[in-house]
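# Summary of structural features
Chain by chain, the residues:
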Amino acid sequence: MKNERGSWGSNIGFLMAAIGSAVGLGNIWGFPYKMGKSGGFTFLLIYLLLAVFVGFVIMMGELSMGRKTRQGVVGAYHSLSKRFPWVGWLAIFAPFIIMSFYAVLGGYCIDYMALNLSNLAFGGAELTSGADLFSAMLANQFGSVAFTLLFLLICYAINRGGISGGIEKFNNVGMPALFVMLVIIIIRSLTLPGAAEGLKFMLVPGYAVKAGFIASSPGLVTVLSAAGGQMFFSLSLAMGAMITYGSYLDKKENLVKNSAVIVVADTLVAFMAGIAVIPAAVSNGIRNGVEMSQIKLGGPSLLFITLQDVFREMGAAGPLFGVIFYLLVLIAAISSAISLVEVVSTFFLDRAARKGREGNRHKVVFWVCVAIMIEATIVALDGLGSNGLWVPGQAGGANIRPWNDCWLDFMDMMSEGVAMPLGSLLMSLMIGWEIKPKTLLNEIHHGSASNIDRFFSICIRFIVPLAMAFILLGQINDFFSLNLF
Ligand code: PFF
């Protein structure tokens, strides 16, 4: 039976989708915060080095694995490797688990956008404070589940349209729109009084400690693993997303150039997101006399408490900026989530094709979204631990495991903390030492490019495994609070 896998309509469409996958919640709340906390420029420098020598290399590796085998992540590993065929399962487990909280956070974005929209449309009563709003939202279990469902319905509607008819179409509009909205928010943020303090937090080495945002600078290993973990999550690596997207790419496209564009665009947006949110958050804190150490600059609280307060206090234009901002974050979340849904869906579609059946995309995507909804319901009901749900690792009311205060942390620990760095460590060993770099190099550039060949081979054999081992250690140290460094 003919296998109609589908393909991207154009290289630009592919790039938009891959950048869409990379640009997500991780860019907006992870990068700026970790950068400020971990020494500003030191973090940026380490991040950039890792992005070039590790991220860019793995990006080329993943895209070429997908395109060479024309299969999703499980099939790709099976057909390339004798020693590590099972690594593909790790890379399908991680995205499925990540979706459990990504969908809930996406639902929160819809909630906040609707809230600002209704305020914009009807004006009226003063908005409640971000903290009150957030805790009310977490406590409202029905609402959280309903918004999660809405977010997943959007993903379902896009993914069922297929590669070019759904994912590509959404990103072709969504990515440029996101960029424009980001520029609008940056202009507003930088023109707020006290914005310079926020910029200094992000950029000036040691400023976060000097100005009292944090008590002390973290050590080098901690910075290395924070930057590495962030880079991996942000570039959507080691989760099968790039293998899957690469498997739908035309043979004639150059993977060196494409990988470089994705890495540069994602890093640029992370940096821009930092300039959009941190100065605004700091400015608001200063104006309200909040102690620097008390301003929440990272994680869900940055998005749903600190920034909501910024919009609340902006006066009449506040809700308008609120709508623009939460729509921007929502688009970023959707474009990443659909790549995660696609990793799992492609697996089932390829499996059906291997068995000689024609997989029904609508059905497959539907059931994948149903399965995600089930796990996401637990995370939504938990409300970041505020609703007293039992979390694995707790016994007799006491938390005997330090890594999981709530279901979101637990899911994050399994996926981002362990599966992701472990998966890419094994991937680099497979490419570098088992199947050998040249197996993929032909796929990467079709021809002779000795500089790239040498760069790719050295990085994938030596630098990537070493960096991955460090990152894995750092992530385990962090998630399990082992305090090894
Ligand atoms: N890159 C996304 C972010 O920065 O939020 C998250 C992500 C999406 C990770 C897709 C992995 C993935 F396969």
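These lines cover the structure that appears in this document, whether it is placed above or below. These numbers come from a predicted model, not from an experiment.

### Considerations on the overall build of the protein chain
A count of helices and strands for the protein chain gives 19 helices and two strands. Considered along the principal axes of its C-alpha atoms, the protein chain spans approximately 60 × 50 × 45 Å. Counting the 485 residues in the protein chain, one finds 59% classified as buried. Here the protein chain displays about 18600 Å² of accessible surface, and carbon together with sulfur accounts for 67% of that area. Both charge centroids of the protein chain, one from 31 positive and one from 26 negative side chains, sit 11 Å from each other.

### Quick look at the packing of aromatic side chains
For any pair of aromatic rings, the description consists of the separation of the ring centres together with the inter-plane angle of the planes. This structure, assessed with the given rule, holds 23 aromatic pairs. On the numbers, 6.0 Å between centres and 75° between planes, the contact of Tyr156 with Phe366 is edge-to-face. With Tyr156 in helix α7 (residues 141-159) and Phe366 in helix α16 (residues 361-382), this pair connects stretches of sequence that are 210 residues apart. When the ring centre of Phe321 is taken as reference, the NZ or CZ atom of Arg188 above it lies at 6.0 Å. Just above the ring of Trp433 sits the side chain of Arg461; from NZ or CZ to the centre is 4.1 Å.

### Digging into the site of the ligand
Surveying the vicinity of the ligand reveals 15 residues, the closest of which are Ala22, Leu25, Gly26, Tyr102 and Phe233. Backbone polar atom of Phe233 to a nitrogen atom of the ligand: 2.8 Å apart, as the coordinates give it. Here Ser234 contributes a backbone N or O atom positioned 3.1 Å from a nitrogen atom of the ligand. Mapped by element, the contributors of at least two residues to the shell around the ligand are α1 (11-22), α2 (25-37), α11 (220-234) and α15 (318-354). Across the shell around the ligand, the residue classes break down as seven nonpolar, eight polar and no charged.

### Here we look at the environment of Phe201
Of note, Phe201 is situated in helix α9 (residues 195-203). The spacing of Phe201 and Phe271 is 70 residues in sequence and 13 Å in space, taken between C-alpha atoms. Excluding anything up to four places from it in sequence, Phe201 contacts Pro32, Tyr33, Gly36, Lys37, Tyr207, Ala208, Phe213, Ile278 and Leu297.

### Things to note about unusual backbone geometry
Across the chain, the bulk of peptide bonds are trans and the bulk of non-glycine residues have phi less than zero. One non-glycine residue, Ser236, lies in the positive phi region at around 55°. Following the sequence through the fold, Ser236 ends up in the loop between α11 and α12 (241-246). The phi torsion at Ala238 lies on the positive side, around 60°, for a residue other than glycine. Classification of Ala238 as buried rests on a relative accessible area of 6%.

### Here we look at the environment of Leu408
One can find Leu408 in helix α17 (residues 407-434). Residues Leu408 and Phe304, 104 residues apart in the sequence, show an inter-C-alpha distance of 16 Å. Excluding anything up to four places from it in sequence, Leu408 contacts Phe101, Leu105, Val379, Asp382 and Leu384.

### Remarks on α16
Two residues of an α-helix separated by three or four positions point the same way, owing to the 3.6 residues in each turn. For α16, with 22 residues, the first-to-last C-alpha span of 32 Å sits near the 32 Å given by 1.5 Å per residue. Ala376 marks the point of greatest bend in α16, at about 30°. For α16, the elements touching its buried residues are α5 (87-122), α7, α8 (163-190), α15 and α17. The first or second residue beyond α16 is Gly383, which carries a positive phi of 55°.

### Quick word on a nonpolar patch on the surface
A grouping of Leu45, Leu49, Val52, Phe53, Trp433, Ile458, Phe462 and Ile463 is seen on the molecular surface, where their side chains present a nonpolar patch of about 740 Å² in accessible area. When residues of the nonpolar patch are traced back to their parent elements, those giving at least two are α3 (41-69) and α19 (450-479). Take the nonpolar patch: its biggest share by element is four residues, from α3. Within the secondary structure layout, Ile463 lies in helix α19.

### Notes on the environment of Leu302
Inspection of the secondary structure puts Leu302 in helix α14 (residues 299-312). Residue classification places Leu302 among the buried positions, given a relative accessible area of 0%. Taking the C-alpha atoms as reference points, Leu302 and Arg83, 219 residues apart in sequence, are found 43 Å from one another. The residues contacting Leu302, other than those within four sequence positions of it, are Ile28, Trp29, Val277, Ala281, Lys296, Leu297 and Leu307.

### A closer look at the packing of α5 against α14
Helices that pack against each other are described as a pair by the angle of their axes relative to one another and the distance between those axes. α14 packs onto α5 with a crossing angle of 10° between their chain directions and a minimal axis gap of 11 Å. Viewed along their axes, α5 and α14 adopt a mutual orientation that is roughly parallel. Residues Leu105, Tyr108, Cys109, Tyr112, Leu115 and Asn116 of α5 lie in contact with α14, whose contacting residues are Pro300, Phe304, Gln308 and Phe311. Of the residues that constitute the contact of α5 with α14, the class distribution is eight nonpolar, two polar and no charged.

### Regarding the nonpolar core
In this structure, Ile262, Leu307 and Phe325 are the most contacted members of the largest nonpolar core, which totals 171 residues. Top element by residues in this core is α15. It accounts for 20 residues. In contact with Phe325, other than residues within four places in its own chain, are Ile28, Ile185, Val277, Leu303, Leu307 and Phe311.

Calculation rules
- Residues numbered from 1 in each chain as written.
- Predicted model: local features only at pLDDT ≥ 70, side-chain atom pairs only at ≥ 80, totals over all residues.
- Heavy atoms only, no water.
- Helix = DSSP H or I, 4+ residues; strand = E, 2+ residues; numbered from the N terminus.
- Buried < 20%, exposed > 50% of the residue type's maximum accessible area, 1.4 Å probe, protein only.
- Areas by Shrake-Rupley, 256 points an atom, 1.4 Å probe, with all protein chains shown as cover.
- Lys, Arg positive; Asp, Glu negative; His and termini not counted.
- Charge placed at Lys NZ, Arg CZ, Asp CG, Glu CD.
- Phe/Tyr/Trp six-rings, centres within 6.5 Å; stacked < 30°, edge-to-face > 60°.
- Lys NZ or Arg CZ within 6 Å of the ring centre and 35° of its normal.
- Near = heavy atom within 4 Å.
- Polar contact = N/O pair within 3.5 Å; in protein donor to acceptor, adjacent residues only side chain to side chain.
- Nonpolar A, V, L, I, M, F, W, Y, C, P; charged D, E, K, R; others polar.
- Contact = heavy atoms within 4.5 Å.
- Expected span 1.5 Å × (residues − 1).
- Bend = angle between axes of the 7 residues up to and from the residue.
- Patch = residues over 30% accessible without salt bridge, like charges linked within 9 Å, V, L, I, M, F, W, Y side chains within 5 Å.
- Salt bridge = Lys/Arg side-chain N within 4 Å of Asp/Glu carboxyl O.
- Axes fitted to C-alpha atoms, helices over the stretch in contact; angles between N-to-C directions.
- Parallel < 35°, antiparallel > 145°, perpendicular 65-115°, else oblique.
- Core = buried A, V, L, I, M, F, W, Y, C linked by side-chain atoms within 4.5 Å.

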